[in-house]
Each structure stands twice: as structure tokens, then as C-alpha cells.
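Residue-level structural notes
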Amino acid sequence: MILSKSTIQSFRSIFIIYITGIFLFAILYMLPLCHKGNLAFIDSMFVSTSCLAVTGLSTVNVLEEMTRMGQALMMIEMQLGGLGILVLISYLFMMMGRRLSMTSLILISRDQNQTNLKTIQSLSISVLLIAIIIELICSFLTYGQIRPQFDSTGEAMFVTAFHAVASFTNAGFNLFEGGFASFKHNDLMLYVTSFTIFMGSLGYPTIMEYIFSLRRRKSLFTKINIRMHAILLVAGMLAYMALEYGKAFKGLNFMDKVANAVFLSATTRNGGLTVFDLSGLTITTILIMTLLMFIGGASTSTGGGIRLTTFAVLIAKMISVVKSEEHTVIYKKTITQETINKSFLILISFLILLFSSTVALSIVEKEPIEMIVFEVVSALTNTGLSMGITEHLTVFSKIILMCLMVIGRIGIFTLIYFVFRVEKSKMRYLKEDLAVG
């Protein structure tokens, strides 16, 4: 990565913009027309952070504590978080006939994890259109399943729209009585929601390649993205079927079991919705869910985690080391050393954050360690799944989780360049072998 002043400044600007957005929405949630009863500011901040970081964890019951106005604001904030604040700002500028400056293009490229400035303007427009189209399709297909739960058409339409936005942005919030568990036997609802979550975690560049360049040879990024998504989706589904077939899935017919396994596999990788009480699943299932959350979705998507390309590069590097090969190759393409270094930095940074945060929470919380680890992983990877301890956390733990959600959304590099002063050293030292392992 080129450590120019503009690069470092763009990362810092992104951090400030997202933090400002979180504070502004938190203040709005505190307004009487947005919530019922007493809403503590720390809880308002937590909900705001979770929405903008498209996570789904919440210290309050948003169905009971938030008014329709508050829930509408949540929907807007989820959309902002899923698409990227800077993308929507750039779209508004273009609608007003104003050209984007080079500084704005750099900011958007960093926010969307893109390197080609020439495609940023078209990406900004396409991202919004893709999101609206997929959310409309989801709403159209799920409205009939949601309508029977509500007395009025208006209420059903609002909840349908909220569900579509939460699913595509991988936010994980829902406004259903008793949660999403009411659709355990509704295969259509499960498959449509799984598809919407999958598309959100797929990433805009990959979707655009298939829309505008269907017959052209796909980029390495898209090849890795599609195949890793498919492998992990199928692997997760088969694992959940095997582990929970006669346990959590007990009482479901075979087709319902398949639908629930597919849904659980899709939602584990950042969807945040669940039809089961996770505390009732086997510990092996929880471990697999934690691993899938850790890997996450694609870069430039609404998903989190270390990302699919990072995971693929790490695996490819391990294979090259085992084979004593000089170069790291994926699909007959040599991966640059810079990309490999960034992948290892992301992995180590995530592990350090997970370990330190787990230790910090374990000091003040009395919950079992597996629940704390799951909560920490869920926050950092912006997944939003919980084993039921979020509402009972201390203020200290809430602050830790909020920090993790922000880091998971804006990325490790944004945090590094905001907090630390990074300068490229020109000094060179003698090389020497070191015994390891």
C-alpha cells in the first residue's frame, strides 16, 4: 500500500465521518418521537453503532422500545452503513450536477476498498441501483409471507421494507414478534432471505461484473469471491444438517431442515438473523458458526470478517510454504507480496482484537466464556448473532463492543492510519535466518 499523505488523510477522514454519523443518529434516537419510555444514551449509541456498522446486535428490544419513526431512522442508517456514507453523498452531489473532486474520489475508493479511481463514479451509481433492485425483489417476494402477521397493509409494508434492507445490508435487525423464529417452517421466506443476505455479502464489484460483463473473463477477485462463497455456503449447510439434524432441527420435515440449514449457513456469514435460540445449539455448531463469522463476506460488500479474499490468500500462502514454492499462486495468478503482507496484518490484528476484547469482557462479565467469545466475534465481524447476553452487558462491555463494530465496518487499515503515524522507513538491515516453529 502506498503511504502517501492523501492515502493516510483519506483513511482518517473516513473514520471521522463514520464516528460523526454514529453520534448524529444516536442523538436522533434520543428524541421522544423515536423511542418509548427511557432510553439511555449508551443504548442509543449502541443501536446507532450497530446500524451504521450493519451488525444487528442491540442492547434494547427495537420492536418494543423504538417507535416507527425510530425504526425508520434505523432503516436509513442501515442503508447508509451498507452502501457506504460516502457513496450516497457522492450520488447526491452528482444529482445536483456537481463533479466529484479528486479528494472525494480517493475517499470513496478507500471506503469501498477500490483501487481504480476511473470506475468510482460509475460504482457510486451502480451500488445504489443494485441495492434498491435487490431490496425491491426481496420485498415483493416476502410481502405475502409477512402480511398475515399484521392487521394493516401499511404496517406489513413497513416491516417488509425494513426486513429487505436489514437482509441486504446484512444488518440482522428484525421487527417480528418472537423474532425470525416464526418463519422456521416457511421455506420461501428462508430461501429469499438467504438469497438477499448472500447478494449483500457478495460485493458490488462482483455483481457488476456479472451484470455488465457476463461473457467476459472474470477477474481474479470475482473468481475467488464466487467460489469461496459457494464452498462455504455448502460446507456450512452440510455441517449444520449433520450436527443439528436430530437436535435443533428435530420436529421439522426434511425440506424444512434443508431450508433452515441453508438459511443458517447464509446468515452465519454476516446475516445476523436466526430462527433458533443459539444457546441451545451444540458447542460444535457454535464453533463452526464462529469460524464462518470470522471469515465473513467479500471485500467491498456489506459483510464483515477478515473477508474471503484475505482467507484465500492466507490459505494459498500456506500451501506455497508447504510446497517450498517461491511465489503464491491462485488460479494461475501470482499474488503480490504487498497483498500477502496485508492479509497477514488483517489476520493478526483480528486475533489480537478478539483475544484482548475477550479478556476485557471476561473480567467484568459473569457469562460463560464461550458466550463472551461468540459475542466479541459477532461484533468485530459485524455479524450480529448473539447467544442472548447483549442486553445484560455492563457499560464497559458495551463500549468495547461498539469499538469492535466500528473497526469491523471501517476496516483495520482505517484504524491503523487514524491512530498511528505510519511512515515508510528507507533504512535497510542485514538479513539473517531465524529458527521458528
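Residue numbers restart at each chain and count upward from 1, following the sequence in its written direction. With the structure being a predicted model, the display of local features is reserved for residues of pLDDT at least 70 and the display and counting of side-chain atom pairs for 80 or more, all residues being used for whole-chain, interface and lining totals. The basis for every side-chain value is the complete set of heavy atoms in the structure, and neither hydrogens nor water enter the calculation.

Topic: the packing of aromatic side chains
For any pair of aromatic rings, the description consists of the separation of the ring centres together with the inter-plane angle of the planes. Only centres within 6.5 Å qualify two rings of Phe, Tyr or Trp (six-membered ring in Trp) as a pair; their planes then separate them into stacked at under 30 degrees, edge-to-face at over 60, and tilted for everything else. Scanning the model with the defined rule gives seven aromatic pairs in all. Considering the side-chain rings of F176 and F183, the 4.9 Å spacing of their centres and the 80° angle between planes classify their relative orientation as edge-to-face. Like F176, the residue F183 is buried in the burial classification. When the ring of F180 is compared with that of F183, the centres are 5.2 Å apart and the planes differ by 45°; the resulting orientation is tilted. Three exposure classes are used, based on accessible area relative to the maximum for each residue type with a 1.4 Å probe and protein chains only: buried under 20%, partly exposed in between, and exposed over 50%.

Some remarks on the packing of helix α11 (residues 220-244) against helix α13 (residues 283-295)
Interaxial angles span 0 to 180 degrees and are taken between N-to-C directions of axes, which are lines fitted to C-alpha atoms, for helices over the stretch in contact. What counts as a helix is a DSSP run of H or I of at least four residues, what counts as a strand is a run of E of at least two, and both are numbered from the N terminus. Two elements in contact, α11 and α13, have axes whose closest approach is 10 Å; the angle formed by their N-to-C orientations is 170°. Judged by the angle between their axes, α11 and α13 are roughly antiparallel. The way α11 lies across α13 gives a crossing that is left-handed. Mapping the contact onto sequence places L232, G236, A239, Y240, L243 and E244 in α11 and T284, T285, I288, M289, L292 and I295 in α13. A class-by-class count of the residues in the contact of α11 with α13 yields eight nonpolar, three polar and one charged. Roughly parallel means an angle under 35 degrees; roughly antiparallel, over 145; roughly perpendicular, 65 to 115; everything else is oblique. By convention, the crossing between two helices is left-handed when the near helix turns anticlockwise from the far helix through less than a right angle, and right-handed when the turn is clockwise. Here a residue-residue contact requires only that any non-hydrogen atoms of the pair lie within 4.5 Å. For this classification, Asp, Glu, Lys and Arg are treated as charged, while Ala, Val, Leu, Ile, Met, Phe, Trp, Tyr, Cys and Pro are nonpolar and the rest, including Gly, are polar.

Topic: the layout of surface pockets
When its volume is computed, the second largest pocket comes out at roughly 790 Å³. In this analysis the probe radius is 1.4 Å and the grid spacing 1 Å, with only protein atoms considered; a cavity is a set of points the probe fits into but cannot get out of, a pocket is an open set with protein on both sides within 12 Å along at least five of seven lines, and lining residues have an atom within 4 Å of a point. Lining the second largest pocket are 32 residues; nearest its centre among them are G56, N174, G179, T274 and E391. Here the residues of the lining of the second largest pocket sort into 15 nonpolar, 13 polar and four charged. Grid points are joined across faces, edges and corners, and a volume is the space filled by probe spheres set on the points.

Quick word on helix α8 (residues 153-168)
Multiplying one less than the number of residues by 1.5 Å gives the expected span of a helix. Helix length check: α8 (16 residues) gives 22 Å between terminal C-alpha atoms against 22 Å at 1.5 Å per residue, within 8%. Residues of α8 that are buried include every one of A156, F158, V159, T160, F162, H163, A164, V165, A166, S167 and F168, and no others. Just beyond α8, the residue with positive phi is N170, at close to 60°.

Concerning empty space enclosed by the protein
By the definition in use, this model includes three cavities of 30 Å³ or more. Approximately 50 Å³ is the volume found for the largest cavity. Around the largest cavity sit I197, F198, S201, H229, L233, A266 and R269, which together line it. Every element with two or more residues in the lining of the largest cavity is listed here: α9 (187-202), α11 and α12 (254-271). Considered class by class, the residues forming the lining of the largest cavity number four nonpolar, two polar and one charged.

Here we look at the pattern of salt bridges
Here a salt bridge means any side-chain nitrogen of Lys or Arg lying within 4 Å of a carboxyl oxygen belonging to Asp or Glu. Scanning the model with the defined rule gives two salt bridges in all. In this structure, D43 engages K398 in a salt bridge whose closest nitrogen and oxygen atoms are separated by 2.9 Å. With D43 in helix α2 (residues 41-52) and K398 in helix α17 (residues 395-410), the pair connects residues that are 355 residues apart, well separated along the chain. Like D43, the residue K398 is buried in the burial classification.

Spatial relationships are all this shows, so hold off on functional conclusions.
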